[in-house]
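Each chain, written out:
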Amino acid sequence: MAEVVVKPKAFTKEWFGYVWDYYKWHIIVGIVAVILAVITIVQICTTVKYDTNINFVATTVVTTENAEEIAAKCAENSSDLNNNGKVDIAFNQLNFTEENRENGEMHSALLNKLMALFSSGDELIFVVDSYMLEQITRISYTEDIFVPSSEWADEAGIKEGVYAVSLADSTAFKESGVDSSDMYVMVARMDYEDGLKPAEENAIAIANFLIK
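Described below are features of the structure shown in this document.

Some points on the pairing of strand E2 (residues 89-95)
- Counting buried positions over the seven residues of E2 gives five, a clear majority of the element.
- Where strand E1 (residues 52-58) and E2 come together, seven bridges link them in parallel fashion. Bridging from a neighbouring strand, phenylalanine 56 pairs with glutamine 93 of E2.
- This β-α-β element, E1 to helix H2 (residues 64-75) to E2, shows right-handed connectivity.

The structure is reproduced here in structure tokens:
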């Protein structure tokens, strides 16, 4: 004969014990689900939505403090593309240091990430040193990745077929305490069919700012 369970009166001490005994796993799963939902909402609300990314691809490393200072200066000369009331610029680094290049797995990971950046279509600004510039221009489809500097740079006298402009005289880098004597800026290829898009105009403005 089946056992008959008498449900206690709601919200009494016995009732809470009864609910826990019969529904504890449901309660635990529900609590975990709520916690995960709260964490997800907080992450979404606090995640910075950058208007533009500057990709620093070099054999050297820029300190976090100096990188943030350069990004802040670029933000002053950038547009609020995501219309959130402020301008945020990310200074992302791919550091092909000698140590990283000698580590096969690390070098491969860096190259894969670099190729992913080239193919993303959203990464428009690249700052490179002479070593990485040589490596990148060896790629047979470089002309499909970058725009010739003569098409976007305000600086006069740029020859056709050149994809990088020197940052040797960059005020932004000098004021940020970064030696840019061996650095160049490149702008990724854009779609001119429907005219320049805001993100592309913004990338050109930042690149020209860095050149000054």
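Anyway, onward from the coordinates.
Re helix H5 (residues 130-137)
- Burial in H5 covers these residues: Met132, Leu133 and Ile136. Viewed end-on, H5 has its buried residues packed into an arc of 105°, placing them on one side of the element.
- Taken together, the buried residues of H5 touch E1, helix H4 (104-120), strand E3 (125-129), helix H6 (142-145) and strand E5 (183-187).

What to know about the pattern of salt bridges
- All chains considered together, the criterion is met by three salt bridges.
- Of the charged contacts, one joins arginine 138 and glutamate 134 as a salt bridge, the two residues approaching to 2.9 Å between their closest N and O atoms.
- Residue classification places glutamate 134 among the partly exposed residues on the basis of a relative accessible area of 40%.

Here we look at the nonpolar core
- By size, the foremost hydrophobic cluster in this structure holds 51 residues, and its most contacted members are Phe126, Val127, Trp152, Val185 and Leu210.
- In terms of residues, this core owes the most to one element, helix H8 (residues 198-211), which gives seven residues.
- Leaving out residues up to four positions away in the same chain, leucine 210 has contacts with Ile70, Cys74, Val127, Leu167, Ser170, Ala172 and Phe173.

Side note on unusual backbone geometry
- Residues other than glycine seldom take positive phi values, yet asparagine 83 does so here, at roughly 55°.
- Following the sequence through the fold, asparagine 83 ends up in the loop between H2 and E2.

Focus: H8
- End to end, H8 covers 20 Å across 14 residues, agreeing with the expected 20 Å (1.5 Å per residue, within 8%).
- Where burial is concerned, most of H8 is hidden: 10 out of the 14 residues are buried.
- Those residues of H8 that sit buried are Glu200, Asn202, Ala203, Ile204, Ile206, Ala207, Asn208, Phe209, Leu210 and Ile211.

Details of the environment of asparagine 53
- As for its placement among the helices and strands, asparagine 53 is situated in strand E1.
- A C-alpha to C-alpha distance of 4.7 Å links asparagine 53 and alanine 90, two positions 37 residues apart in sequence.
- Apart from residues no more than four positions distant in its own chain, asparagine 53 is found in contact with Ala90, Asn92, Glu123 and Ile125.
- Side-chain polar atoms of asparagine 53 contact the side chain of glutamate 123, separated by 3.2 Å.

Notes on the sheet that holds E3
- An order of E2-E1-E3-E5-E4 is seen for the five strands of this open sheet, with the pairing classed as mixed. Strand pairing shows two members of the sheet lacking a second neighbour, E2 and strand E4 (165-166), which therefore form its edges.
- Inspection of the sheet shows E3 paired to E5 by five bridges, in the antiparallel sense. Looking at E5, one finds that valine 128 is bridged to tyrosine 184.
- Contacting E1 and E2, H2 runs over the sheet at an angle of about 140° to E2.

Side note on the side chain of asparagine 100
- By secondary structure assignment, the location of asparagine 100 is in helix H3 (residues 98-102).
- Filtering out sequence-adjacent residues up to four positions away, asparagine 100 remains in contact with Asn95, Met106, His107 and Leu110.

Structural notes on the packing of aromatic side chains
- Counted by the stated rule, this structure contains four aromatic pairs.
- With centroids separated by 5.3 Å and ring planes inclined at 55°, the aromatic side chains of phenylalanine 118 and phenylalanine 126 adopt a geometry described as tilted. For the pair phenylalanine 118 and phenylalanine 126, a shared accessibility class is recorded, and that class is buried.
- For the ring pair phenylalanine 118 and phenylalanine 146, a centre distance of 5.5 Å and an interplane angle of 85° mean the geometry is edge-to-face. Residue phenylalanine 118 is found in helix H4, and its partner phenylalanine 146 is found in the loop between H6 and E4; the two are separated by 28 residues along the sequence.
- Assessed through its relative accessible area of 14%, phenylalanine 118 is described here as buried.
- Taking relative accessible area as the criterion, phenylalanine 146 reaches 0% and is therefore assigned buried.
- Site record: aromatic cluster; members linked through ring pairs are Phe118, Phe126 and Phe146.
- Its end group placed over the ring of tyrosine 131, arginine 101 keeps NZ or CZ at 4.7 Å from the ring centre.

Calculation notes
Residues numbered from 1 in each chain as written. Predicted model: local features only at pLDDT ≥ 70, side-chain atom pairs only at ≥ 80, totals over all residues. Heavy atoms only, no water. Buried < 20%, exposed > 50% of the residue type's maximum accessible area, 1.4 Å probe, protein only. Helix = DSSP H or I, 4+ residues; strand = E, 2+ residues; numbered from the N terminus. Pairing = 2+ DSSP bridges. Right-handed = clockwise from strand over helix to strand, strands pointing away. Arc of directions from axis to C-beta. Contact = heavy atoms within 4.5 Å. Salt bridge = Lys/Arg side-chain N within 4 Å of Asp/Glu carboxyl O. Core = buried A, V, L, I, M, F, W, Y, C linked by side-chain atoms within 4.5 Å. Expected span 1.5 Å × (residues − 1). Polar contact = N/O pair within 3.5 Å; in protein donor to acceptor, adjacent residues only side chain to side chain. Axes fitted to C-alpha atoms, helices over the stretch in contact; angles between N-to-C directions. Phe/Tyr/Trp six-rings, centres within 6.5 Å; stacked < 30°, edge-to-face > 60°. Lys NZ or Arg CZ within 6 Å of the ring centre and 35° of its normal.

As far as function goes, none of this settles anything; it's purely spatial.
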